[in-house]
Amino acid sequence: MRKVVLAYSGGLDTSCCISWLKNKGFKVICFSANLGSEFSPADLRKRAVKSGADKVYIKDLKKEFAYDYILSALCANAVYEGKYVLSTALGRPLIAKHLVEVAKKEKAGFVAHGCTAKGNDQVRLELSIKILSPGLKIIAPLREWDLTSRESEIEYAKNNKIPIKTNKNKIYSIDQNIWGVSVEGGSLEDLDKEPALNSYVFVKPLGMSINKEVYVDIEFIKGVPCKINGRKMDLVSIIEKLNKLGAQCGVGRTDLIEDRVIGIKSREVYEAPAAWILHTAHRELESLTLDKETLALKELISLKYAQLVYQGLWFSGLRESLDAFVNKTQDRVTGVIGFKMYKGNVIIVKRDSSYALYNKKFATYGDNDKFDRSLSRGFIKLFGMPYR
Ligand code: ARG
């Protein structure tokens, strides 16, 4: 019997995929990566089996996700089109990597995924799979079957007794991991409408967010966040903690018209409190500790890095080379950044680093100024000479 390993999320699409693949005569092995989704592993396993899976693998990959994927993107300041911290995009290559491992272990000739023909995730998963295991055959049921809307999938699920949580009035497509939540579809497709309250997943709408300023300190060592308010924590716990703190202050929601890889513009709403907090604090520490030329080049690298991740080219040589550059720049990114959160804002209130390039003796407008003012006239003369 032909074996297929399906990247299973527990959502509507992949649940329908199980029964569709079974009907095509496949033995279906589900693989779920736990990157911090809404479903518990026990729940996932139950749903997969109920939907017809022959075997289920669930791996907790939060730590690998945090240290090998999220951290690289954080140090690279990778944000797509100014508003997307790439939470879904960063998870795909990791899922592909383990999907390929399970297929090898199971000696399966096929892998399958539940991505749509219009989205980025098909590109990311398939590029990664092709790079890591060129011989594997890839099946994408959503590009083949005739269930063309989420409504028709819900009908199909009901007819095939597939357990689903979605219903017709809450029709958003949601992808969630520790780095963020992506929400699309439903009323978000109407650009003249503010996102409805039922599109909020875990971040508090501003009107319901807490009414006081919340102060937090984050310590970084060589670009790696390692303490919150002086307490040492691993990266997964730091992200989970900041998600909680940020969410109650309404921090981290963005609403973006984004350019998909295949050329469609779409609207997506994201919730990523921890990611925004860490990006804000990390960039602040870089502005204190890196020289201006490195900062300027790093901005270009960030843009490229974000595009690369968005386009599914994680396993490319270029990404590795960019990482080598970014890693070197993190040598001095050590110190503490303090900020306060209030009604969706993250406001920096403290900067401290033994590598700070800020020197009050030079910068001050007060007494004890060590700056030699007589040098400026000559400097400007030389600096302006070519233009004169
Ligand atoms: N647009 C985002 C991306 O390309 C998220 C895709 C998945 N979104 C979703 N709502 N299921 O990374």
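Residues numbered from 1 in each chain as written. Predicted model: local features only at pLDDT ≥ 70, side-chain atom pairs only at ≥ 80, totals over all residues. Heavy atoms only, no water.

Novice: Just checking my understanding: could you explain the overall build of the chain for this structure?
Specialist: In terms of helices and strands, the chain carries 13 helices and 14 strands. Referenced to the eigenvectors of the C-alpha coordinate spread, the extents of the chain come out at roughly 85 × 50 × 45 Å. Counting only residues that meet the buried cut, the chain has 51% of its 388 residues in that class. When contacts within the chain are restricted to residue pairs at least 6 apart in sequence, long-range pairs at least 24 apart make up 73% of them. For the chain, the exposed area adds up to about 19,200 Å²; of that, 53% sits on carbon and sulfur atoms. (Helix = DSSP H or I, 4+ residues; strand = E, 2+ residues; numbered from the N terminus. Buried < 20%, exposed > 50% of the residue type's maximum accessible area, 1.4 Å probe, protein only. Contact = heavy atoms within 4.5 Å. Areas by Shrake-Rupley, 256 points an atom, 1.4 Å probe, with all protein chains shown as cover.)

Novice: What's the story with the site of the ligand in this structure? I'm lost.
Specialist: Neighbouring the ligand are 14 residues; Y84, N120, S173, E258 and E268 lie closest to it. One of the side-chain nitrogen or oxygen atoms of R124 is found 2.7 Å away from an oxygen atom of the ligand. With respect to the ligand, the side chain of E258 contributes an N or O atom lying 2.7 Å from a nitrogen atom. For the ligand, whose accessible area on its own is 350 Å², the fraction buried by protein is 92%. Broken down by secondary-structure element, the contributors of at least two residues to the shell around the ligand are α4 (87–106), α5 (121–132), β6 (173–177), β7 (180–184) and β12 (265–271). Grouping the constituent residues of the shell around the ligand by class yields four nonpolar, four polar and six charged. (Near = heavy atom within 4 Å. Polar contact = N/O pair within 3.5 Å; in protein donor to acceptor, adjacent residues only side chain to side chain. Nonpolar A, V, L, I, M, F, W, Y, C, P; charged D, E, K, R; others polar.)

Novice: When you look at the side chain of T289 in this model, what are you seeing that I'm missing?
Specialist: Structurally, T289 is set in helix α9 (residues 273–289). Dropping the residues within four chain positions of it, T289 is found in contact with R332, V333, T334, S353, Y355, A356 and L357.

Novice: Even after reading the chapter, I still don't get the nonpolar core, so can you show me in this structure?
Specialist: Generally speaking, a soluble globular protein has its nonpolar side chains buried in company with each other. Residues L86 and W179 are the most contacted members of the largest nonpolar core, which totals 81 residues. In terms of residue count, α4 provides more of this core than any other element does, nine residues in total. Of all hydrophobic cores here, the second largest spans 28 residues; its members include L21, I139, A157 and I162. (Core = buried A, V, L, I, M, F, W, Y, C linked by side-chain atoms within 4.5 Å.)

Novice: Got a minute to help me understand the pairing of strand β9 (residues 224–228) in this structure?
Specialist: It is a general feature of regular strands that their side chains alternate between the two faces of the sheet. Judged from the four bridges that link them, strand β8 (residues 214–221) and β9 form a sheet pairing that is antiparallel. Across the sheet, residue I218 finds its bridge partner in β9, namely I228. Taking the residues between adjacent antiparallel strands as the criterion, β8 and β9 are bridged by two residues, where K222 takes a positive phi near 45 degrees. Note: β9 against strand β10 (residues 231–232), two bridges, orientation antiparallel. (Pairing = 2+ DSSP bridges.)

Novice: Looking at this structure, I do not really get helix α2 (residues 41–50). What am I missing?
Specialist: In an α-helix, one full turn covers 3.6 residues, which means residues spaced three or four apart are oriented alike. Buried residues of α2: L44, R47 and A48, and no others. What you see down the axis of α2 is that its buried residues fit within an arc of 100 degrees, all on one side. Every exposed residue of α2 that faces more than 90 degrees away from the buried side is listed here: A42, K46 and K50. Looking at the buried residues of α2, the elements they touch are α1 (12–23), β2 (27–34) and β3 (55–60). (Arc of directions from axis to C-beta.)

Novice: Please explain the pattern of salt bridges as it appears in this structure.
Specialist: It is possible for side chains bearing opposite charge to pair when their charged atoms get close. Under the definition given, this model contains 22 salt bridges. One salt bridge connects K62 with D60, and the closest N-O pair in it is separated by 3.3 Å. You can call K62 buried: its relative accessible area is 17%. Overall, the relative accessible area of 53% leaves D60 in the exposed class. Notably, a salt bridge pairs E271 with R253, separated by 2.8 Å at the nearest N-O pair. (Salt bridge = Lys/Arg side-chain N within 4 Å of Asp/Glu carboxyl O.)

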